[in-house]
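A closer look at the structure
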Amino acid sequence: MSDFAWLFWKRSVSVLANCKQYLTQREEKTLRNIIVSMRVTLDGFITGAHGEMDWMEEFLDEALATYESELQKAVDTALFGRVTYQGFESYWPTVALDPSSPPGLVEYAYRLNAMRKIVFSKTLSHVEWNNSTLVKEIVPEEIAQLKQEPGRDIVIHGSASIVRTLTNLGLIDTYQLLVYPVVLGSGKRLWSDVLHKVKLQLASIKTHPSGVVVLSYQPRKE
């Protein structure tokens, strides 16, 4: 092989390697993340013993509204379990139609109503909320495929059973835990039925004036 041919071949290999690296990085960047947004008390409960969630009400403020708005703009798909879905479905569609609703809340409701919603339930026979799809069970390959589809990120509001299942499958990319300065003493825990140790790293922390602390964690890469 002549010197010219050798240099040409070597340069071609280098260019192809760089292209492959670029395409790989691009693919990684375009992969959609699944983000958990979960409210939790200081002692680790997500509801009271009888499903009570009134302990959140006094902490509603502008900082929390900003958090919700920014999160909503970053996603275009929401995953729900039955209980959380039914709670959202019974409330948010009416907010957009209520003339007494604050403008910011109306805007949030419109976006949520328009968002793609996937509901995992073995007991529901149908779902009626706009852009909702009922899925009977979680299939890991289908979730992986969902993450590869074009679009913005995917959020899970509440829905602890879905969070635990996807955690066990290693499919959660970010856990945003909103820790409320409240101790309930008893209730429903978030992390029951997790099958193995999950090591996380702290990505960010933000404290609201109300005392609510938003902790953002991502799975630690071994």
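Anything mentioned here points back to the structure above.
Described below are features of the structure shown in this document. (Residues numbered from 1 in each chain as written. Predicted model: local features only at pLDDT ≥ 70, side-chain atom pairs only at ≥ 80, totals over all residues. Heavy atoms only, no water.)

What to know about the nonpolar core
Judged by nonpolar contacts, the single largest core of 29 residues is most densely connected at Tyr 85, Trp 92, Leu 112, Leu 178 and Tyr 180. The leading source of residues in this core is helix α3 (residues 82–95), at 4 residues. In contact with Tyr 180, other than residues within four places in its own chain, are Arg 39, Val 40, Thr 41, Leu 42, Trp 55, Met 56, Phe 59, Leu 64 and Val 212. By size, the runner-up hydrophobic cluster in this structure holds 25 residues, among which are Ile 118, Ile 154, Tyr 175 and Leu 190. (Core = buried A, V, L, I, M, F, W, Y, C linked by side-chain atoms within 4.5 Å. Buried < 20%, exposed > 50% of the residue type's maximum accessible area, 1.4 Å probe, protein only. Helix = DSSP H or I, 4+ residues; strand = E, 2+ residues; numbered from the N terminus. Contact = heavy atoms within 4.5 Å.)

Details of unusual backbone geometry
One non-glycine residue, Asn 131, lies in the positive phi region at around 60°. Inspection of the secondary structure assignment puts Asn 131 in the loop between β4 (116–120) and β5 (132–135). A relative accessible area of 42% means that Asn 131 is categorised as partly exposed. The backbone phi angle of Ser 159 is positive, close to 55°, even though this residue is not glycine. Mapped onto the elements of the fold, Ser 159 is located in the loop between β6 (153–157) and α6 (160–168). The buried category is assigned to Ser 159, whose relative accessible area is 5%.

Examining the pairing of strand β9 (residues 200–207)
The sheet contact formed by β9 and strand β10 (residues 213–219) spans 7 bridges and is antiparallel. Across the sheet, residue Lys 206 finds its bridge partner in β10, namely Val 214. Following β9, the chain reverses through 5 residues before pairing antiparallel with β10; Gly 211 in that reversal takes a positive phi of roughly 105°. (Pairing = 2+ DSSP bridges.)

Looking at the sheet that holds strand β3 (residues 75–81)
Spatially, β5-β4-β3-β6-β1-β7-β10-β9 is the arrangement adopted by the 8 strands of the open sheet, whose pairing is mixed. With one partner strand each, in any of the chains shown, β5 and β9 form the two edges of the open sheet. The average angle at which neighbouring strand axes cross in this sheet is 25°, direction not considered. For strand β1 (residues 34–41) and strand β7 (residues 174–180), the ladder comprises 7 bridges, and the chain directions are parallel. Following the sheet pairing, Val 36 is matched in β7 by Tyr 175. Taken strand by strand, α6 contacts β1, β3, β4, β6 and β7, and its axis lies near 125° from that of β1. (Axes fitted to C-alpha atoms, helices over the stretch in contact; angles between N-to-C directions.)

Details of the side chain of Lys 147
By the secondary structure assignment, Lys 147 is in helix α5 (residues 140–148). Of the polar contacts made by the side chain of Lys 147, one reaches the side chain of Asp 173; its length is 2.9 Å. The contact partners of Lys 147, leaving out residues within four places of it in the chain, are Leu 31, Arg 32, Ile 34, Ile 154, Leu 171 and Asp 173. (Polar contact = N/O pair within 3.5 Å; in protein donor to acceptor, adjacent residues only side chain to side chain.)

So, α3
Taking 1.5 Å of rise per residue, the 14 residues of α3 would be expected to cover 20 Å, and the 20 Å separating its terminal C-alpha atoms lies within 8% of that figure. At Glu 89, α3 shows its maximal bend, which comes to roughly 30°, and the proline Pro 93 appears one to four places after that position. Turning to α3, the residues buried within the fold contact β3, α4 (103–114), β4, β5 and β6. (Expected span 1.5 Å × (residues − 1). Bend = angle between axes of the 7 residues up to and from the residue.)

Let's talk about the pattern of salt bridges
This structure, assessed with the given rule, holds 6 salt bridges. Put simply, Arg 111 and Glu 107 hold a salt bridge, and the shortest N to O gap is 2.9 Å. On the criterion of helical spacing, the pair formed by Arg 111 and Glu 107 is a turn pair, its members being 4 residues apart in helix α4. Exposure remark for Arg 111: the relative accessible area of 31% places this residue in the partly exposed category. Asp 173 is the salt-bridge partner of Lys 147, the closest N and O atoms lying 2.9 Å from each other. Here Asp 173 lies in the loop between α6 and β7 and Lys 147 lies in helix α5, a separation of 26 residues in the sequence. By sharing partners, the salt bridges in this structure join Arg 32, Asp 76, Arg 116 and Glu 149 into a single network. (Salt bridge = Lys/Arg side-chain N within 4 Å of Asp/Glu carboxyl O.)

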